[in-house]
Amino acid sequence: MSTPIKPLVAGNWKMNGLATQVTEFAALVDGYSGMEDKVDCMICPPATLIAALANFSQESTIEIGGQNCHASATGAHTGDISAEMLSDAGATSVIVGHSERRADHGETSEDVNRCARAAWRAGLVSIICIGETAEQRKQGITLDIIGEQLLGSVPDDATSSNCVIAYEPVWAIGTGLTPTAQDVADVHSSIRQSLVRRFGDEGQQMRLLYGGSVKPANAAELMGVIDVDGALVGGASLKAADLLGILNAYE
Ligand code: PEP
């Protein structure tokens, strides 16, 4: 019998947020107080705000994550950031393989696999993103694409403690469009089955997040789908009130 998975709602601020955004984080810390037993919460701010938020979050159980990391620990990689640096600044997790990284920086599943292992080297949890494009969905190859990305991006030594999977259909990110609950259920069930085939009990216990235009208005329906263990939230994580509205799906 597997133990119930505690859900996680993680906010991805992307390239948004100056020092003034810390006031939204403060409001989130306040509003989240009392929800800790039901749902975990994380914010992945731009790297410039990790230390400030990590410092602030000492008063709370809200975790701080990075949005990406380089595969190496140090070196001549101008503009990049290593998992060790994220950890040093106070992050406990890092998103890897976000579709915006795959599209903007040509990151392949092989690259993502290396970044996930770099995260573990530094003691961080890796949040590995996978998802099909609109064209791939139209062609009816969503589950094939998801299967390939899962196999390529998730390293062999993934466990339920060091790895979270985020299913994010590319066409749903930042568009206001979402798959139907049935579509999400089909993909998450397929992800769960592949993880169990590959990792046994660890695959059964791994958190599977849904991401793509999650908002307070659709959170309860999407979070209620079997094998959805939380959300990765972009736009709606920038305002504390919106993220709290999503967290409320678990009240
Ligand atoms: C994301 O970028 O991970 C995301 C899910 O964005 P949004 O919620 O804005 O669609």
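Let us look at the structure shown here. Because the structure is predicted, anything quoted here is derived from the model rather than measured. (Residues numbered from 1 in each chain as written. Predicted model: local features only at pLDDT ≥ 70, side-chain atom pairs only at ≥ 80, totals over all residues. Heavy atoms only, no water.)

Remarks on helix α5 (residues 109–121)
Across its 13 residues, α5 extends 18 Å between first and last C-alpha, which sits within 8% of the 18 Å expected from 1.5 Å per residue. Among the residues of α5, S109, V112, N113, C115, A116, A118, A119 and W120 are the ones counted as buried. Looking at the buried residues of α5, the elements they touch are α3 (83–89), β4 (93–96), α4 (99–104), β5 (125–130), α7 (142–153) and β6 (163–167). Residue G123 follows α5 closely and has a positive phi angle near 85 degrees. (Helix = DSSP H or I, 4+ residues; strand = E, 2+ residues; numbered from the N terminus. Expected span 1.5 Å × (residues − 1). Buried < 20%, exposed > 50% of the residue type's maximum accessible area, 1.4 Å probe, protein only. Contact = heavy atoms within 4.5 Å.)

Structural notes on the site of the ligand
For the ligand, the set of nearby residues contains 14 residues, the closest of which are K14, E168, G174, S213 and G234. In this structure, an oxygen atom belonging to the ligand sits 2.7 Å away from a side-chain N or O atom of E168. Coverage of the ligand by the protein chains reaches 96% of its 290 Å² of free accessible surface. (Near = heavy atom within 4 Å. Polar contact = N/O pair within 3.5 Å; in protein donor to acceptor, adjacent residues only side chain to side chain. Areas by Shrake-Rupley, 256 points an atom, 1.4 Å probe, with all protein chains shown as cover.)

Section: the packing of aromatic side chains
Enumeration over the complete set of coordinates arrives at two aromatic pairs. Arranged with centres 6.0 Å apart and planes meeting at 80 degrees, the rings of F25 and F56 form a pair that is edge-to-face. Taken together, the residues span a long stretch of sequence, with F25 in helix α1 (residues 22–32) and F56 in helix α2 (residues 47–56) at a distance of 31 residues. Take F25: its relative accessible area is 0%, and that puts it in the buried class. Given a relative accessible area of 28%, F56 falls into the partly exposed group. (Phe/Tyr/Trp six-rings, centres within 6.5 Å; stacked < 30°, edge-to-face > 60°.)

Comments concerning the packing of α1 against helix α11 (residues 240–247)
The interhelical angle for the contact between α1 and α11, taken along N-to-C directions, is 30 degrees, at an axis separation of 9 Å. Considering their axes alone, α1 and α11 lie roughly parallel with respect to each other. In the packing of α1 onto α11, the handedness of the crossing is right-handed. Contact residues: α1 offers E24, A27, L28, G31 and Y32, while α11 offers A240, L243, L244 and L247. Each residue belonging to the contact of α1 with α11 can be placed in one class, and the counts come to seven nonpolar, one polar and one charged. (Axes fitted to C-alpha atoms, helices over the stretch in contact; angles between N-to-C directions. Parallel < 35°, antiparallel > 145°, perpendicular 65-115°, else oblique. Left-handed = near helix turned anticlockwise from the far one by under 90°. Nonpolar A, V, L, I, M, F, W, Y, C, P; charged D, E, K, R; others polar.)

What about the sheet that holds β4?
Around the barrel, eight strands lie side by side as β1-β2-β3-β4-β5-β6-β7-β8; this closed barrel has parallel pairing. Recorded for the sheet is a direction-independent mean angle of 25 degrees between the axes of neighbouring strands. Summarising the sheet, strand β1 (residues 8–12) and strand β2 (residues 40–44) pair through five bridges and their orientation is parallel. Looking across to β2, one finds that L8 is bridged to D40. Along the sheet, α1 contacts β2 and β3 (63–66); its crossing angle with β2, the most-contacted strand, is approximately 175 degrees. Taken strand by strand, α7 contacts β5 and β6, and its axis lies near 150 degrees from that of β5. (Pairing = 2+ DSSP bridges.)

Digging into the environment of Y250
As for its position among the elements, Y250 is in the segment after α11. In the structure, Y250 is positioned 238 residues away from N12 in sequence and 19 Å away in space, judged by C-alpha atoms.

By themselves, these figures tell us nothing about what the structure is for.
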